[in-house]
Structure formats: C-alpha cells, structure tokens
Amino acid sequence: MKILIIEDEKPAARQLERLLQRSEEFEGNIHGPLESIAQSVDHLTKNQDYDLILMDIHLADGPSFEIFESVEPSAPIIFCTAYDQYALEAFKLNSIDYLLKPIEPNDLDRALQKFKKLHAQSQTPELSAAELLKALQKPIEEAKSYKERFMIKLGDRIISRETREVQFFYSAEKASFLQDQEGRSYPIEYSLDQLEASVPSRDFFRINRKYLIRFEAIREMHSYSGSRIKLHLQHCDDDDILVSRDRTAEFKHWLDS
C-alpha cells in the first residue's frame, strides 16, 4: 500500500504517520507530507501512483479542495480534519472515509479495512474533479438534523424564533444572543460552538469567535490589512467585525458557493 499524506501541520502529520505504522491494517510506504495546495498540485501532476491519499481540509494556503481545480487524483481520499461540518455525503456514498481529529487508532483501522476491502474487490469508485468539488462544497444537510426554531425565555414568557428568521448569532459579556431580521436581539442558552453545530453550514458561517452569521446579514464588505475582510452587518452597531485570518479563505469560498 502506497499512501500520500497532505497535511500542513507537522505534529499532525507525524502523528498520522505513527498511527499508520502502528496499525495492523497498514503495510507499505508513507509519502509526504505535502503542506500546501501549490505543492500538492505540483506533486500530483507528476506523481499519480498512490493507492490512497490522507488529506487535511485546511492547508497553509487555503482549503484543500482547490487542489482539484488543477489536478484530478486517481487515488481515493480519506479526509482528516477537526471540522465536522465538512462531512460529505458524496464520500460516504462512495466509501471514502472522513476522520475527525484527534484521530483514534480504531477509526483509522476501520477506514483502512474499508479501503482494502473495496480495493480488493476493485469496486472503489472514482469521482471526477467537478464531482469532487461539488461534493466538497456541500456538507451533509440531508443526513443531519438541524434546529428549525429556537425557544427563548424572557422572564416568565417563552417565545420562539424560526431559524430562517435569524440573521446572526453573537456572543457578548459571556452570553450568547440571537438577532432576527428586524434587528431584535434575544439571549439564548447555547454557546456559539453549539449553535454552529445546530444550523446548516450552507446558510451560516462562523466568521470569528464572536459571530455566526447568515449571508443576508451582511450589509457591506471591505478589504482589510493582511488580505482580511471587514464586515458591517444589518442592524448591528459593531463597526469592528473582522473575519478571522485563518477563516478568510474558507469564508471567500462560502460566499462563492
């Protein structure tokens, strides 16, 4: 088995190598790691004789799916990432696995068992570059149940707001708030991490530690220093909303999807 690792974090790449070397399901050679989109495109253009690729989604110069705009790998891919919102239905249907960091040895073993079984039966399907891009841009909305409404307690009253009415969620003074289309804010008993997992990522994006926004909430966007983006939101007085540096590339892709 000839495996290529594409991972920009050296500790994560070393840990993945150790897990592979300790796995009873692995026997062969490990190549890489490649650390960027540019490096991966250059390498895969010249080398396509891998059996399997283990790839992180977030690389040094952007999301790894940009690799497939330039090259179509012949090997199946197992994604290894810390972000569960990118779990892809296309890969599950095509028996390509998706492992969440920190990767457990048993999870990696099961992924390798699946690959070996499919490889032995010569049933491993291939995705075209266009199909792969489309799949990577679309999380599993059908397979995951998202909140359709939020219940809000106001004194002894309880009211509800439909998720489709929410413009953005934000945190302030160690509390979380929901703001609707009319600019009304309500305290809610969820952290932004919990909210991010509760709403569809095709509709909402976590731009930084304080804001989880819907596209329609954006009133204006401006370029900022260091290739960053500054936002002005509807019915929001905060004039210092910046997309986090490590999320800028992904945010641009979300805007264009």
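Going by the structure above, here's the rest.
Residues numbered from 1 in each chain as written. Predicted model: local features only at pLDDT ≥ 70, side-chain atom pairs only at ≥ 80, totals over all residues. Heavy atoms only, no water.

## Comments concerning the overall build of the protein
Secondary structure assignment for the protein yields seven helices and 17 strands. The 257 residues of the protein split such that 47% are buried. When contacts within the protein are restricted to residue pairs at least 6 apart in sequence, long-range pairs at least 24 apart make up 55% of them. Accessible area of the protein: about 13900 Å², with a carbon and sulfur share of 44%. (Helix = DSSP H or I, 4+ residues; strand = E, 2+ residues; numbered from the N terminus. Buried < 20%, exposed > 50% of the residue type's maximum accessible area, 1.4 Å probe, protein only. Contact = heavy atoms within 4.5 Å. Areas by Shrake-Rupley, 256 points an atom, 1.4 Å probe, with all protein chains shown as cover.)

## Quick word on the packing of aromatic side chains
According to the stated counting rule, one finds ten aromatic pairs in the structure shown. Ring plane angle 50° and centroid distance 5.8 Å describe the contact between Phe168 and Tyr170, whose orientation is recorded as tilted. Note on Tyr170 and Tyr211: the rings are 6.2 Å apart at their centroids and 25° apart in plane angle, and the pair reads as stacked. Here Tyr170 is found in strand E10 (residues 166-172), whereas its partner Tyr211 is found in strand E14 (residues 211-214), with 41 residues between them in sequence. (Phe/Tyr/Trp six-rings, centres within 6.5 Å; stacked < 30°, edge-to-face > 60°.)

## Description of the nonpolar core
Of all hydrophobic cores here, the largest spans 19 residues; its most connected members are Leu4, Ile6, Leu44, Ile53, Met55 and Ile67. Sorting elements by how many residues they give to this core places helix H2 (residues 37-46) first, with three residues. Beyond its immediate sequence surroundings of up to four residues, Leu44 is in contact with Leu4, Ile6, Tyr50, Ile53, Ile67 and Val71. (Core = buried A, V, L, I, M, F, W, Y, C linked by side-chain atoms within 4.5 Å.)

## Regarding the sheet that holds strand E15 (residues 218-224)
Pairing is antiparallel in the open sheet, where three strands are placed in the order E15-E16-E17. The strands lining the two open edges of the sheet, one partner per strand, are E15 and strand E17 (241-242). Strands in contact with helix H7 (residues 248-256) are E15 and strand E16 (228-233); relative to E16, the strand with the most contacts, it is inclined by about 55°. (Pairing = 2+ DSSP bridges. Axes fitted to C-alpha atoms, helices over the stretch in contact; angles between N-to-C directions.)

## Notes on the side chain of Arg161
Here Arg161 is to be found in strand E9 (residues 157-162). Given the relative accessible area of 14%, Arg161 is considered buried. Among the polar contacts made by the side chain of Arg161, one reaches the side chain of Tyr186 at a distance of 2.8 Å. Discounting residues that sit within four places of it in the chain, Arg161 has contacts with Arg149, Phe150, Ile152, Leu178, Asp180, Arg184 and Tyr186. (Polar contact = N/O pair within 3.5 Å; in protein donor to acceptor, adjacent residues only side chain to side chain.)

## Points about H7
Three or more residues of H7 are buried, namely Thr248, Glu250, Phe251, His253 and Trp254. Considering only its buried residues, H7 is in contact with strand E4 (58-59), strand E13 (204-206), E14, E15 and E16.

## A look at the sheet that holds strand E11 (residues 175-180)
Reading across from one edge, E12-E11-E10-E14-E13 is the order of the five strands in this open sheet, with antiparallel pairing throughout. Bordering the open sheet on either side are strand E12 (185-188) and E13, each of which pairs with just one other strand. In this sheet, adjacent strand axes meet at a mean angle of 25° when their direction is disregarded. Against the sheet, H7 touches E13 and E14, its axis set at about 170° to E13.

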